Amino acid sequence: MCGIVGLFIKDKTLEPQLGALLAEMLVTMTDRGPDSAGIAIYGGADDGIAKITVQSVQPDVDFASLAADLGAAIGVAVSLRRKSSHAVLEMPMDQLDAARAALSALRPDVKVMSAGDNLEIYKEVGLPKDVASRFEIAQMSGTHGIGHTRMATESAVTTMGAHPFSTGPDQCLVHNGSLSNHNSLRRTLVREGMTFETQNDSEVAAAYLTQKMKEGANLGEAMEASLSDLDGFFTFVVGTKDGFGVVRDPIACKPAVMAETDQYVAFGSEYRAMVNLPGIETARVWEPEPATVYFWNH
Amino acid sequence: MQTFDLATRGLRELNQTLHALRGTTNETAWEIVNAKGSHAIAVGVDAPLDITVRGSTGYYCAGMNKQATIRIDGNAGPGVAENMMSGRVIIEGDASQYAGATGRGGLLVIKGNASSRCGISMKGIDIVVHGSIGHMSAYMAQSGNMVVLGDAGDALGDSLYEARLFVRGSVKSLGADCIEKEMRPAHLAMLAELLERGEAGHKAKPEEFRRYGSARKLYTFNVDNAAAY
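Reading guide: rules and limits
- Residues numbered from 1 in each chain as written.
- Chains lettered and ligands numbered in written order.
- Predicted model: local features only at pLDDT ≥ 70, side-chain atom pairs only at ≥ 80, totals over all residues.
- Pairing = 2+ DSSP bridges.
- Helix = DSSP H or I, 4+ residues; strand = E, 2+ residues; numbered from the N terminus.
- Axes fitted to C-alpha atoms, helices over the stretch in contact; angles between N-to-C directions.
- Contact = placed C-beta atoms within 7 Å.
- Buried ≥ 20, exposed ≤ 12 C-beta atoms within 10 Å, placed from the backbone.
- Core = buried A, V, L, I, M, F, W, Y, C linked by C-beta atoms within 7 Å.
- Parallel < 35°, antiparallel > 145°, perpendicular 65-115°, else oblique.
- Left-handed = near helix turned anticlockwise from the far one by under 90°.
- Nonpolar A, V, L, I, M, F, W, Y, C, P; charged D, E, K, R; others polar.
- Domains from an automatic or database assignment.
- Arc of directions from axis to C-beta.

For this particular structure, what's the right way to read the sheet that holds strand β2 (residues 29–33) of chain B?
Strand pairs in the sheet, formed through backbone hydrogen bonds, run parallel or antiparallel to each other. All names here are of chain B. In space, the eleven strands of this open sheet follow the order β1-β2-β3-β4-β5-β6-β7-β8-β9-β11-β10, with mixed pairing throughout. Strand pairing shows two members of the sheet lacking a second neighbour, β1 (2–5) and β10 (178–181), which therefore form its edges. The sheet shows a mean angle of 15 degrees between the axes of neighbouring strands, taken without regard to direction. Pairing of strand β7 (residues 123–129) with strand β8 (residues 143–148), which is carried by five bridges, proceeds in the parallel orientation. Residue Ile127 lies in a different strand from β8, and its bridge partner there is Met146. Set on the sheet, helix α3 (residues 185–197) makes contact with β6 (107–110), β7, β8, β9 (164–167) and β11 (210–214); between it and β8 the angle comes to about 70 degrees.

Written out as C-alpha coordinates, the structure reads:
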(Lines give C-alpha, C1' and ligand atoms only; values in the text may rest on other atoms or scores of the structure.)
Protein backbone atom coordinates (compact mmCIF):
# COMPACT_ATOMS: atom_id res chain seq x y z
CA MET A 1 0.00 0.00 0.00
CA CYS A 2 1.12 3.57 -0.73
CA GLY A 3 -0.60 6.90 -1.05
CA ILE A 4 -0.48 9.18 -4.06
CA VAL A 5 -1.68 12.74 -4.44
CA GLY A 6 -1.43 15.08 -7.39
CA LEU A 7 -2.66 18.52 -8.33
CA PHE A 8 -2.56 20.20 -11.72
CA ILE A 9 -3.62 23.84 -11.54
CA LYS A 10 -5.68 25.27 -14.39
CA ASP A 11 -6.58 28.62 -12.80
CA LYS A 12 -3.44 30.72 -12.27
CA THR A 13 -4.89 32.42 -9.19
CA LEU A 14 -4.61 29.09 -7.39
CA GLU A 15 -0.86 28.68 -8.13
CA PRO A 16 0.34 30.38 -4.91
CA GLN A 17 -1.62 27.74 -2.94
CA LEU A 18 -0.23 24.68 -4.75
CA GLY A 19 2.18 23.71 -1.96
CA ALA A 20 -0.35 24.25 0.83
CA LEU A 21 -3.07 22.24 -0.92
CA LEU A 22 -0.72 19.44 -1.90
CA ALA A 23 0.88 19.22 1.57
CA GLU A 24 -2.55 18.83 3.16
CA MET A 25 -3.48 16.12 0.64
CA LEU A 26 -0.18 14.34 1.37
CA VAL A 27 -0.66 14.33 5.14
CA THR A 28 -4.18 12.87 4.73
CA MET A 29 -2.56 9.87 3.02
CA THR A 30 -0.29 9.10 6.00
CA ASP A 31 -2.24 5.92 6.85
CA ARG A 32 -1.36 4.52 3.45
CA GLY A 33 2.37 5.17 3.75
CA PRO A 34 4.01 6.23 7.00
CA ASP A 35 7.58 5.09 6.05
CA SER A 36 8.67 8.04 3.97
CA ALA A 37 7.23 10.80 1.87
CA GLY A 38 8.17 12.94 -1.07
CA ILE A 39 6.85 15.77 -3.12
CA ALA A 40 7.60 17.17 -6.56
CA ILE A 41 6.70 20.78 -7.28
CA TYR A 42 6.82 22.38 -10.71
CA GLY A 43 7.31 26.01 -9.91
CA GLY A 44 9.86 27.79 -12.01
CA ALA A 45 9.25 30.38 -14.67
CA ASP A 46 10.49 29.90 -18.21
CA ASP A 47 13.46 32.14 -17.47
CA GLY A 48 16.50 30.29 -18.79
CA ILE A 49 17.53 29.33 -15.26
CA ALA A 50 18.07 25.64 -14.52
CA LYS A 51 17.50 23.98 -11.15
CA ILE A 52 19.18 21.00 -9.58
CA THR A 53 17.70 19.70 -6.32
CA VAL A 54 20.35 17.87 -4.29
CA GLN A 55 20.30 15.93 -1.03
CA SER A 56 23.03 15.14 1.46
CA VAL A 57 23.31 13.16 4.69
CA GLN A 58 25.79 15.77 5.95
CA PRO A 59 24.38 18.98 4.49
CA ASP A 60 26.40 21.30 6.77
CA VAL A 61 29.62 19.97 5.27
CA ASP A 62 28.52 19.32 1.71
CA PHE A 63 26.53 22.49 1.11
CA ALA A 64 28.89 24.95 2.90
CA SER A 65 30.87 26.14 -0.11
CA LEU A 66 29.04 24.18 -2.82
CA ALA A 67 27.71 27.18 -4.78
CA ALA A 68 31.14 28.81 -4.93
CA ASP A 69 32.94 25.54 -5.74
CA LEU A 70 30.47 24.65 -8.47
CA GLY A 71 30.51 28.20 -9.88
CA ALA A 72 34.32 28.13 -10.05
CA ALA A 73 34.26 24.72 -11.76
CA ILE A 74 31.87 25.72 -14.54
CA GLY A 75 32.77 29.40 -14.76
CA VAL A 76 29.36 30.97 -14.09
CA ALA A 77 27.52 32.19 -11.01
CA VAL A 78 25.65 29.43 -9.17
CA SER A 79 23.18 30.10 -6.35
CA LEU A 80 22.22 27.72 -3.56
CA ARG A 81 19.03 27.73 -1.51
CA ARG A 82 19.14 25.21 1.32
CA LYS A 83 16.11 23.47 2.83
CA SER A 84 17.09 21.03 5.58
CA SER A 85 18.86 18.04 3.96
CA HIS A 86 18.11 19.34 0.47
CA ALA A 87 19.30 22.33 -1.53
CA VAL A 88 18.31 23.86 -4.85
CA LEU A 89 21.19 24.97 -7.07
CA GLU A 90 20.45 27.44 -9.85
CA MET A 91 22.56 28.23 -12.90
CA PRO A 92 22.01 29.19 -16.55
CA MET A 93 20.12 26.50 -18.49
CA ASP A 94 22.97 25.94 -20.96
CA GLN A 95 25.28 25.05 -18.05
CA LEU A 96 23.01 22.31 -16.63
CA ASP A 97 24.93 19.33 -18.01
CA ALA A 98 28.29 20.85 -17.09
CA ALA A 99 27.02 21.57 -13.58
CA ARG A 100 25.83 17.98 -13.09
CA ALA A 101 29.17 16.61 -14.24
CA ALA A 102 31.08 19.02 -11.98
CA LEU A 103 28.77 18.24 -9.06
CA SER A 104 29.44 14.51 -9.19
CA ALA A 105 33.20 15.20 -9.27
CA LEU A 106 33.11 17.80 -6.46
CA ARG A 107 30.62 16.07 -4.13
CA PRO A 108 30.38 12.40 -5.12
CA ASP A 109 28.17 11.60 -2.07
CA VAL A 110 25.58 14.26 -2.81
CA LYS A 111 22.47 12.82 -4.46
CA VAL A 112 20.61 14.53 -7.26
CA MET A 113 16.85 14.47 -6.63
CA SER A 114 15.86 16.33 -9.78
CA ALA A 115 17.29 18.50 -12.51
CA GLY A 116 15.69 20.66 -15.14
CA ASP A 117 13.94 23.93 -15.77
CA ASN A 118 11.31 24.12 -13.06
CA LEU A 119 11.09 20.89 -11.02
CA GLU A 120 12.10 20.58 -7.36
CA ILE A 121 11.85 17.24 -5.50
CA TYR A 122 12.01 16.83 -1.74
CA LYS A 123 11.86 13.40 -0.15
CA GLU A 124 12.93 11.84 3.12
CA VAL A 125 12.24 8.97 5.48
CA GLY A 126 9.65 9.87 8.13
CA LEU A 127 6.02 10.77 8.59
CA PRO A 128 4.51 12.81 5.75
CA LYS A 129 3.65 15.72 8.08
CA ASP A 130 7.27 15.92 9.24
CA VAL A 131 8.62 15.71 5.70
CA ALA A 132 6.18 18.39 4.49
CA SER A 133 7.05 20.81 7.29
CA ARG A 134 10.80 20.13 7.13
CA PHE A 135 10.85 21.28 3.50
CA GLU A 136 8.26 24.05 3.96
CA ILE A 137 6.14 22.59 1.18
CA ALA A 138 3.08 24.60 2.25
CA GLN A 139 4.86 27.85 1.37
CA MET A 140 5.63 26.77 -2.21
CA SER A 141 3.76 27.95 -5.27
CA GLY A 142 3.66 26.25 -8.63
CA THR A 143 1.72 25.02 -11.63
CA HIS A 144 1.48 21.33 -10.74
CA GLY A 145 2.82 18.88 -8.20
CA ILE A 146 2.84 15.25 -7.14
CA GLY A 147 3.24 13.67 -3.71
CA HIS A 148 3.74 10.16 -2.37
CA THR A 149 3.53 8.45 1.00
CA ARG A 150 5.41 5.16 1.01
CA MET A 151 4.77 1.79 2.62
CA ALA A 152 7.78 -0.07 1.30
CA THR A 153 7.50 -3.45 -0.40
CA GLU A 154 10.18 -3.78 -3.07
CA SER A 155 13.27 -2.12 -1.57
CA ALA A 156 14.67 -0.62 1.63
CA VAL A 157 13.21 2.36 3.48
CA THR A 158 15.80 4.97 2.52
CA THR A 159 15.75 8.52 1.20
CA MET A 160 16.63 7.32 -2.28
CA GLY A 161 13.96 4.60 -2.10
CA ALA A 162 11.27 7.23 -1.47
CA HIS A 163 9.19 8.61 -4.31
CA PRO A 164 9.00 10.66 -6.56
CA PHE A 165 11.68 9.23 -8.82
CA SER A 166 13.21 11.52 -11.39
CA THR A 167 15.16 9.94 -14.22
CA GLY A 168 15.06 12.71 -16.80
CA PRO A 169 14.97 16.52 -16.97
CA ASP A 170 11.79 17.85 -15.33
CA GLN A 171 10.32 14.34 -15.25
CA CYS A 172 9.10 12.47 -12.22
CA LEU A 173 6.96 9.48 -11.33
CA VAL A 174 5.22 8.12 -8.26
CA HIS A 175 3.91 4.57 -8.04
CA ASN A 176 1.47 2.58 -5.95
CA GLY A 177 1.88 -1.13 -6.60
CA SER A 178 4.67 -3.52 -7.41
CA LEU A 179 6.30 -4.52 -10.68
CA SER A 180 7.37 -8.09 -11.39
CA ASN A 181 9.60 -7.59 -14.45
CA HIS A 182 11.66 -4.67 -13.15
CA ASN A 183 14.95 -6.55 -12.99
CA SER A 184 14.94 -7.60 -16.64
CA LEU A 185 13.68 -4.19 -17.70
CA ARG A 186 16.44 -2.50 -15.67
CA ARG A 187 19.07 -4.58 -17.49
CA THR A 188 17.62 -3.52 -20.85
CA LEU A 189 17.54 0.13 -19.84
CA VAL A 190 21.13 -0.01 -18.54
CA ARG A 191 22.22 -1.32 -21.95
CA GLU A 192 20.43 1.66 -23.49
CA GLY A 193 22.45 4.00 -21.29
CA MET A 194 20.19 4.70 -18.30
CA THR A 195 21.70 4.81 -14.81
CA PHE A 196 19.98 3.77 -11.58
CA GLU A 197 20.32 4.91 -7.97
CA THR A 198 18.38 2.07 -6.31
CA GLN A 199 17.07 -1.48 -6.66
CA ASN A 200 13.56 -0.06 -6.57
CA ASP A 201 10.94 -1.20 -9.09
CA SER A 202 9.36 2.25 -9.38
CA GLU A 203 12.65 3.81 -10.45
CA VAL A 204 12.63 1.38 -13.37
CA ALA A 205 9.16 2.58 -14.38
CA ALA A 206 10.38 6.18 -14.27
CA ALA A 207 13.46 5.34 -16.35
CA TYR A 208 11.33 3.40 -18.82
CA LEU A 209 9.16 6.47 -19.47
CA THR A 210 12.25 8.69 -19.72
CA GLN A 211 13.77 6.35 -22.30
CA LYS A 212 10.55 6.31 -24.34
CA MET A 213 10.38 10.10 -24.30
CA LYS A 214 14.07 10.28 -25.26
CA GLU A 215 13.16 8.16 -28.28
CA GLY A 216 10.59 10.79 -29.27
CA ALA A 217 7.36 9.70 -27.60
CA ASN A 218 5.24 12.29 -25.81
CA LEU A 219 4.08 11.62 -22.25
CA GLY A 220 0.82 10.04 -23.38
CA GLU A 221 2.54 7.72 -25.87
CA ALA A 222 5.17 6.70 -23.31
CA MET A 223 2.50 5.81 -20.78
CA GLU A 224 0.54 3.91 -23.43
CA ALA A 225 3.65 1.83 -24.17
CA SER A 226 4.13 1.08 -20.45
CA LEU A 227 0.86 -0.87 -20.49
CA SER A 228 2.41 -3.52 -22.73
CA ASP A 229 5.98 -3.50 -21.35
CA LEU A 230 5.48 -3.28 -17.58
CA ASP A 231 4.21 -6.35 -15.75
CA GLY A 232 2.67 -6.00 -12.32
CA PHE A 233 0.36 -3.79 -10.36
CA PHE A 234 0.56 -0.09 -10.81
CA THR A 235 -1.15 3.20 -10.52
CA PHE A 236 1.33 5.80 -11.79
CA VAL A 237 1.11 9.55 -11.59
CA VAL A 238 3.72 11.22 -13.77
CA GLY A 239 4.87 14.81 -14.11
CA THR A 240 6.69 16.59 -16.91
CA LYS A 241 7.62 20.25 -17.34
CA ASP A 242 4.14 21.19 -18.48
CA GLY A 243 2.16 17.97 -18.16
CA PHE A 244 0.56 15.63 -15.66
CA GLY A 245 -0.48 12.05 -16.43
CA VAL A 246 -2.20 9.08 -14.80
CA VAL A 247 -2.27 5.42 -15.83
CA ARG A 248 -3.39 2.20 -14.08
CA ASP A 249 -2.64 -1.40 -15.02
CA PRO A 250 -5.44 -3.48 -16.60
CA ILE A 251 -6.36 -5.17 -13.30
CA ALA A 252 -6.55 -1.79 -11.57
CA CYS A 253 -6.61 -3.00 -7.98
CA LYS A 254 -4.52 -0.07 -6.75
CA PRO A 255 -7.01 2.65 -5.91
CA ALA A 256 -7.36 5.96 -7.72
CA VAL A 257 -9.85 8.81 -7.65
CA MET A 258 -9.75 11.97 -9.73
CA ALA A 259 -11.57 15.28 -9.48
CA GLU A 260 -11.77 18.11 -11.97
CA THR A 261 -13.12 21.64 -11.73
CA ASP A 262 -12.48 24.79 -13.78
CA GLN A 263 -9.60 25.49 -11.40
CA TYR A 264 -7.71 22.18 -11.20
CA VAL A 265 -7.37 18.47 -11.89
CA ALA A 266 -6.66 16.48 -8.72
CA PHE A 267 -5.59 12.90 -8.06
CA GLY A 268 -5.87 10.95 -4.81
CA SER A 269 -5.44 7.31 -3.84
CA GLU A 270 -8.61 7.96 -1.88
CA TYR A 271 -11.32 10.59 -2.04
CA ARG A 272 -10.31 11.56 1.51
CA ALA A 273 -7.18 13.24 0.13
CA MET A 274 -9.26 15.72 -1.84
CA VAL A 275 -12.00 16.71 0.61
CA ASN A 276 -10.49 20.09 1.47
CA LEU A 277 -9.85 21.25 -2.10
CA PRO A 278 -11.84 24.34 -3.07
CA GLY A 279 -15.09 23.48 -4.84
CA ILE A 280 -14.72 19.72 -4.36
CA GLU A 281 -18.44 19.42 -3.51
CA THR A 282 -19.34 20.32 -7.09
CA ALA A 283 -16.28 18.84 -8.84
CA ARG A 284 -16.59 16.07 -11.40
CA VAL A 285 -15.29 13.08 -9.44
CA TRP A 286 -14.46 9.80 -11.18
CA GLU A 287 -12.33 6.69 -10.97
CA PRO A 288 -9.77 6.44 -13.79
CA GLU A 289 -10.46 3.43 -16.02
CA PRO A 290 -8.01 0.51 -16.11
CA ALA A 291 -5.40 0.48 -18.90
CA THR A 292 -6.37 3.99 -19.92
CA VAL A 293 -3.96 6.90 -20.19
CA TYR A 294 -5.03 10.30 -18.92
CA PHE A 295 -2.90 13.39 -19.30
CA TRP A 296 -3.21 17.13 -19.12
CA ASN A 297 -0.89 19.81 -20.51
CA HIS A 298 -0.48 23.48 -19.72
CA MET B 1 -34.00 12.42 13.50
CA GLN B 2 -30.63 12.00 15.21
CA THR B 3 -27.75 13.89 13.61
CA PHE B 4 -24.21 12.63 14.14
CA ASP B 5 -21.31 14.90 13.18
CA LEU B 6 -18.33 12.72 12.26
CA ALA B 7 -16.00 15.73 12.28
CA THR B 8 -16.54 16.37 15.99
CA ARG B 9 -17.39 12.94 17.42
CA GLY B 10 -15.33 10.57 15.33
CA LEU B 11 -15.76 7.18 13.71
CA ARG B 12 -15.38 4.94 16.77
CA GLU B 13 -18.13 6.75 18.64
CA LEU B 14 -20.39 6.59 15.58
CA ASN B 15 -20.12 2.85 15.17
CA GLN B 16 -20.37 2.21 18.93
CA THR B 17 -23.50 4.37 19.05
CA LEU B 18 -25.10 2.50 16.14
CA HIS B 19 -24.08 -0.92 17.51
CA ALA B 20 -25.71 -0.07 20.86
CA LEU B 21 -29.06 0.18 19.07
CA ARG B 22 -29.41 -3.55 18.53
CA GLY B 23 -32.92 -4.85 19.03
CA THR B 24 -35.71 -2.41 19.72
CA THR B 25 -35.13 1.31 19.61
CA ASN B 26 -37.19 4.35 18.83
CA GLU B 27 -34.14 6.24 17.56
CA THR B 28 -34.47 4.84 14.07
CA ALA B 29 -33.74 7.86 11.86
CA TRP B 30 -30.09 8.94 11.62
CA GLU B 31 -28.19 11.43 9.58
CA ILE B 32 -24.40 11.30 9.49
CA VAL B 33 -22.75 14.55 8.40
CA ASN B 34 -19.16 15.40 7.42
CA ALA B 35 -18.41 11.95 6.00
CA LYS B 36 -15.49 13.41 4.01
CA GLY B 37 -14.39 10.07 2.60
CA SER B 38 -13.89 8.43 6.02
CA HIS B 39 -13.51 4.66 6.16
CA ALA B 40 -15.83 2.10 7.79
CA ILE B 41 -18.83 4.40 8.31
CA ALA B 42 -21.86 2.55 9.74
CA VAL B 43 -20.22 -0.87 9.59
CA GLY B 44 -21.82 -3.80 11.41
CA VAL B 45 -25.20 -2.19 12.07
CA ASP B 46 -27.76 -4.74 13.29
CA ALA B 47 -31.04 -2.88 13.80
CA PRO B 48 -33.89 -1.63 11.58
CA LEU B 49 -32.46 1.89 11.33
CA ASP B 50 -32.81 4.41 8.53
CA ILE B 51 -29.40 6.05 8.09
CA THR B 52 -28.43 8.75 5.61
CA VAL B 53 -24.75 9.56 5.11
CA ARG B 54 -24.15 13.07 3.76
CA GLY B 55 -21.14 13.26 1.46
CA SER B 56 -18.86 10.65 -0.07
CA THR B 57 -17.52 7.70 1.89
CA GLY B 58 -14.17 5.87 1.95
CA TYR B 59 -13.52 2.14 2.28
CA TYR B 60 -16.13 -0.37 3.51
CA CYS B 61 -19.12 1.86 4.27
CA ALA B 62 -22.15 -0.17 5.47
CA GLY B 63 -20.16 -3.39 5.58
CA MET B 64 -21.84 -6.42 7.17
CA ASN B 65 -25.11 -4.50 7.37
CA LYS B 66 -28.08 -6.30 8.93
CA GLN B 67 -31.61 -4.90 8.77
CA ALA B 68 -30.74 -1.22 8.31
CA THR B 69 -31.47 0.99 5.32
CA ILE B 70 -28.31 3.02 4.68
CA ARG B 71 -28.39 5.74 2.04
CA ILE B 72 -25.17 7.41 0.86
CA ASP B 73 -25.80 10.87 -0.49
CA GLY B 74 -22.57 10.92 -2.52
CA ASN B 75 -20.08 8.43 -3.94
CA ALA B 76 -18.92 5.30 -2.12
CA GLY B 77 -15.32 4.11 -1.86
CA PRO B 78 -14.05 0.53 -2.23
CA GLY B 79 -15.93 -2.35 -0.61
CA VAL B 80 -19.24 -0.61 0.07
CA ALA B 81 -21.80 -3.00 1.63
CA GLU B 82 -19.19 -5.74 1.70
CA ASN B 83 -20.65 -8.92 3.18
CA MET B 84 -24.07 -7.36 3.72
CA MET B 85 -26.48 -9.78 5.42
CA SER B 86 -29.85 -8.02 5.05
CA GLY B 87 -31.38 -4.58 4.77
CA ARG B 88 -30.72 -2.06 2.01
CA VAL B 89 -27.81 0.12 0.98
CA ILE B 90 -28.53 2.85 -1.58
CA ILE B 91 -25.78 4.96 -3.16
CA GLU B 92 -26.89 8.12 -4.92
CA GLY B 93 -23.58 8.49 -6.79
CA ASP B 94 -20.93 6.06 -8.05
CA ALA B 95 -19.36 3.12 -6.22
CA SER B 96 -15.69 2.13 -6.35
CA GLN B 97 -14.20 -1.38 -6.55
CA TYR B 98 -15.85 -4.55 -5.20
CA ALA B 99 -19.19 -3.05 -4.19
CA GLY B 100 -21.34 -5.66 -2.47
CA ALA B 101 -18.51 -8.21 -2.40
CA THR B 102 -19.41 -11.51 -0.70
CA GLY B 103 -22.86 -10.12 0.20
CA ARG B 104 -25.14 -12.76 1.66
CA GLY B 105 -28.48 -10.95 1.54
CA GLY B 106 -30.28 -7.64 1.34
CA LEU B 107 -30.34 -5.17 -1.53
CA LEU B 108 -27.57 -2.88 -2.80
CA VAL B 109 -28.66 -0.08 -5.15
CA ILE B 110 -26.05 2.01 -6.98
CA LYS B 111 -27.64 4.90 -8.85
CA GLY B 112 -24.46 5.86 -10.69
CA ASN B 113 -21.78 3.49 -12.02
CA ALA B 114 -19.89 0.79 -10.17
CA SER B 115 -16.25 0.13 -11.03
CA SER B 116 -14.40 -3.18 -11.17
CA ARG B 117 -15.32 -6.38 -9.33
CA CYS B 118 -18.87 -5.35 -8.41
CA GLY B 119 -20.58 -8.27 -6.66
CA ILE B 120 -17.43 -10.40 -6.55
CA SER B 121 -18.21 -13.67 -4.77
CA MET B 122 -21.78 -12.55 -4.00
CA LYS B 123 -23.68 -15.14 -2.02
CA GLY B 124 -27.34 -14.12 -2.01
CA ILE B 125 -27.31 -10.33 -2.16
CA ASP B 126 -29.33 -8.51 -4.83
CA ILE B 127 -27.50 -5.69 -6.60
CA VAL B 128 -29.17 -3.12 -8.87
CA VAL B 129 -26.84 -0.73 -10.72
CA HIS B 130 -28.51 2.10 -12.63
CA GLY B 131 -25.34 2.85 -14.60
CA SER B 132 -22.56 0.56 -15.80
CA ILE B 133 -20.20 -1.85 -14.05
CA GLY B 134 -16.46 -2.41 -14.50
CA HIS B 135 -14.37 -5.44 -15.34
CA MET B 136 -14.41 -8.75 -13.44
CA SER B 137 -17.83 -8.07 -11.96
CA ALA B 138 -19.74 -11.01 -10.44
CA TYR B 139 -16.49 -13.01 -10.39
CA MET B 140 -17.21 -16.38 -8.73
CA ALA B 141 -20.69 -15.12 -7.84
CA GLN B 142 -22.52 -17.89 -6.02
CA SER B 143 -26.13 -16.79 -5.64
CA GLY B 144 -28.33 -13.72 -5.71
CA ASN B 145 -29.18 -11.38 -8.56
CA MET B 146 -27.29 -8.59 -10.29
CA VAL B 147 -29.19 -6.12 -12.46
CA VAL B 148 -27.28 -3.62 -14.59
CA LEU B 149 -29.15 -0.95 -16.54
CA GLY B 150 -26.00 0.16 -18.39
CA ASP B 151 -23.05 -1.83 -19.75
CA ALA B 152 -20.77 -4.45 -18.23
CA GLY B 153 -16.96 -4.45 -18.57
CA ASP B 154 -14.58 -7.28 -19.41
CA ALA B 155 -14.93 -10.82 -18.04
CA LEU B 156 -18.43 -10.56 -16.62
CA GLY B 157 -19.30 -13.49 -14.37
CA ASP B 158 -15.97 -15.27 -14.66
CA SER B 159 -16.09 -18.68 -12.92
CA LEU B 160 -19.71 -18.04 -12.05
CA TYR B 161 -21.75 -20.36 -9.83
CA GLU B 162 -25.50 -19.84 -9.53
CA ALA B 163 -25.96 -16.05 -9.38
CA ARG B 164 -28.26 -14.57 -12.06
CA LEU B 165 -26.95 -11.62 -14.04
CA PHE B 166 -29.23 -9.26 -16.01
CA VAL B 167 -27.62 -6.64 -18.24
CA ARG B 168 -29.52 -4.14 -20.37
CA GLY B 169 -26.57 -2.66 -22.30
CA SER B 170 -23.53 -4.23 -23.89
CA VAL B 171 -21.22 -6.75 -22.26
CA LYS B 172 -17.59 -6.14 -23.25
CA SER B 173 -16.73 -9.80 -22.72
CA LEU B 174 -17.99 -12.77 -20.76
CA GLY B 175 -15.70 -14.51 -18.30
CA ALA B 176 -14.93 -18.22 -18.29
CA ASP B 177 -18.03 -20.41 -17.99
CA CYS B 178 -20.45 -17.46 -18.18
CA ILE B 179 -23.02 -17.66 -20.99
CA GLU B 180 -26.14 -15.87 -22.14
CA LYS B 181 -29.29 -17.73 -21.13
CA GLU B 182 -32.92 -17.66 -22.14
CA MET B 183 -35.08 -15.07 -20.40
CA ARG B 184 -38.17 -16.94 -19.24
CA PRO B 185 -41.41 -15.42 -17.85
CA ALA B 186 -40.33 -16.19 -14.29
CA HIS B 187 -37.14 -14.17 -14.85
CA LEU B 188 -39.09 -11.23 -16.28
CA ALA B 189 -41.34 -11.21 -13.22
CA MET B 190 -38.33 -11.39 -10.91
CA LEU B 191 -36.61 -8.60 -12.83
CA ALA B 192 -39.68 -6.35 -12.66
CA GLU B 193 -39.75 -6.78 -8.90
CA LEU B 194 -35.97 -6.13 -8.59
CA LEU B 195 -36.20 -2.96 -10.70
CA GLU B 196 -39.05 -1.71 -8.55
CA ARG B 197 -37.19 -2.38 -5.30
CA GLY B 198 -34.03 -0.94 -6.81
CA GLU B 199 -35.73 2.41 -7.47
CA ALA B 200 -35.31 1.82 -11.21
CA GLY B 201 -38.83 0.77 -12.20
CA HIS B 202 -39.32 4.03 -14.10
CA LYS B 203 -35.99 3.75 -15.93
CA ALA B 204 -36.09 0.36 -17.62
CA LYS B 205 -38.39 -2.49 -18.61
CA PRO B 206 -37.60 -6.15 -17.92
CA GLU B 207 -37.88 -7.02 -21.65
CA GLU B 208 -34.87 -4.78 -22.40
CA PHE B 209 -32.45 -7.01 -20.47
CA ARG B 210 -30.47 -10.12 -21.35
CA ARG B 211 -29.81 -12.84 -18.83
CA TYR B 212 -26.40 -14.40 -18.16
CA GLY B 213 -25.55 -17.34 -15.98
CA SER B 214 -23.20 -20.24 -15.46
CA ALA B 215 -22.62 -22.85 -18.16
CA ARG B 216 -21.91 -25.18 -15.20
CA LYS B 217 -18.90 -26.72 -16.88
CA LEU B 218 -16.19 -25.23 -14.73
CA TYR B 219 -17.34 -26.16 -11.27
CA THR B 220 -18.65 -29.49 -10.11
CA PHE B 221 -22.30 -28.68 -10.27
CA ASN B 222 -24.55 -31.53 -9.25
CA VAL B 223 -28.19 -31.13 -10.19
CA ASP B 224 -29.27 -33.06 -7.11
CA ASN B 225 -27.99 -30.14 -5.03
CA ALA B 226 -29.79 -27.46 -7.04
CA ALA B 227 -32.12 -26.61 -4.18
CA ALA B 228 -29.15 -25.66 -2.03
CA TYR B 229 -28.18 -22.70 -4.23
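Okay, back to it.
Looking at this structure, I do not really get the environment of Glu180 of chain B. What am I missing?
All names here are of chain B. Along the chain, Glu180 turns up in strand β10. By C-beta crowding, Glu180 is classed as partly exposed, having 14 other C-beta atoms within 10 Å. Remark: the alpha-carbon pair of Glu180 and Gly77, spanning 103 residues in sequence, is separated by 30 Å.

Help me understand the nonpolar core, please; the structure alone is not making it clear to me.
Within soluble globular proteins, side chains that are nonpolar generally end up buried alongside one another. Membership of the largest hydrophobic core comes to 85 residues, with the highest contact counts inside it found for Leu22, Leu26 and Ala205 of chain A. Sorting elements by how many residues they give to this core places helix α1 (residues 18–28) of chain A first, with seven residues. Excluding residues within four positions of it along the chain, Ala205 of chain A makes contact with Leu173, His175, Leu179, Ser226, Leu230, Phe234 and Phe236 of chain A. Core analysis: the next-biggest nonpolar cluster, separate from the first, contains 70 residues, Ile51, Ala76, Ala155 and Leu195 of chain B among them.

What should I look at first to understand the packing of helix α3 (residues 66–74) of chain A against helix α4 (residues 96–106) of chain A in this one?
The description of two helices packed together rests on the angle between their axes and the distance between the axes. Residues and elements named next belong to chain A. Between α3 and α4, whose axes approach to 10 Å, the crossing angle comes to 120 degrees. Here α3 is positioned oblique relative to α4, judged by the angle of their axes. The chirality of how α3 crosses α4 is right-handed. Only Ala98, Ala99, Ala102, Leu103 and Leu106 of α4 make contact with α3, whose side of the interface consists of Asp69, Leu70, Ala73 and Ile74. Of the residues that constitute the contact of α3 with α4, the class distribution is eight nonpolar, no polar and one charged.

Which parts of the structure should I look at to understand the interface of chain A and chain B?
Where interface size is given, it is often the accessible area lost as the parts come together that is meant. Listed as interface residues are nine residues of chain A and, on the opposing side, twelve residues of chain B. Among the residues forming the side of chain A that touches chain B, the class breakdown is six nonpolar, no polar and three charged.

Hey, could you run me through the domain arrangement of chain A in this one?
Residue and element names in this part refer to chain A. Domain boundaries in chain A define domain 1 (2–44 + 128–297) and domain 2 (47–116). The centre of domain 1, based on its C-alpha atoms, is set 25 Å off from the matching centre of domain 2. Taken together, the 13 residues of domain 1 in the interface contact twelve residues of domain 2.

Looking at this structure, how should I read α4 of chain A?
An α-helical segment advances 3.6 residues per turn. Residues three or four places apart therefore align on the same side. All names here are of chain A. Three or more residues of α4 are buried, namely Leu96, Ala99, Ala102 and Leu103. Angularly, the buried residues of α4 cover 125 degrees about the axis, an arc narrow enough to put them on a single face. Along α4, the residues that are exposed and aim more than 90 degrees away from the buried face are Ala101, Ser104 and Ala105.

What exactly am I supposed to notice about the sheet that holds strand β9 (residues 165–168) of chain A here?
All names here are of chain A. The strand order across the open sheet built from five strands is β9-β10-β11-β12-β16, with neighbouring strands paired in antiparallel fashion. Here the strands that pair on one side only, and so sit at the sheet edges, are β9 and β16 (294–297). Strand-to-strand twist in this sheet, taken as the mean axis angle between neighbours without regard to direction, amounts to 20 degrees. Here helix α7 (residues 201–214) sits on the sheet and contacts β9, β10 (171–179) and β11 (232–239); the angle it forms with β10, its principal contact strand, is near 135 degrees. Packing against the sheet, helix α8 (residues 219–229) makes contact with β11, β12 (243–248) and β16, and its axis sits at approximately 15 degrees to β12.

Looking at this structure, I do not really get the packing of α7 of chain A against α8 of chain A. What am I missing?
Residues and elements named next belong to chain A. Running from N to C, α7 and α8 point in directions that differ by 125 degrees, and their axes come no closer than 9 Å. By the angle between their directions, the pair α7 and α8 is classed as oblique. Crossing of α7 over α8 shows right-handed handedness. From α7, Ala205, Tyr208, Leu209, Lys212 and Met213 reach across to α8, where they touch Leu219, Ala222, Met223, Ala225, Ser226 and Asp229. Here the contact of α7 with α8 is composed, by residue class, of eight nonpolar, one polar and two charged.

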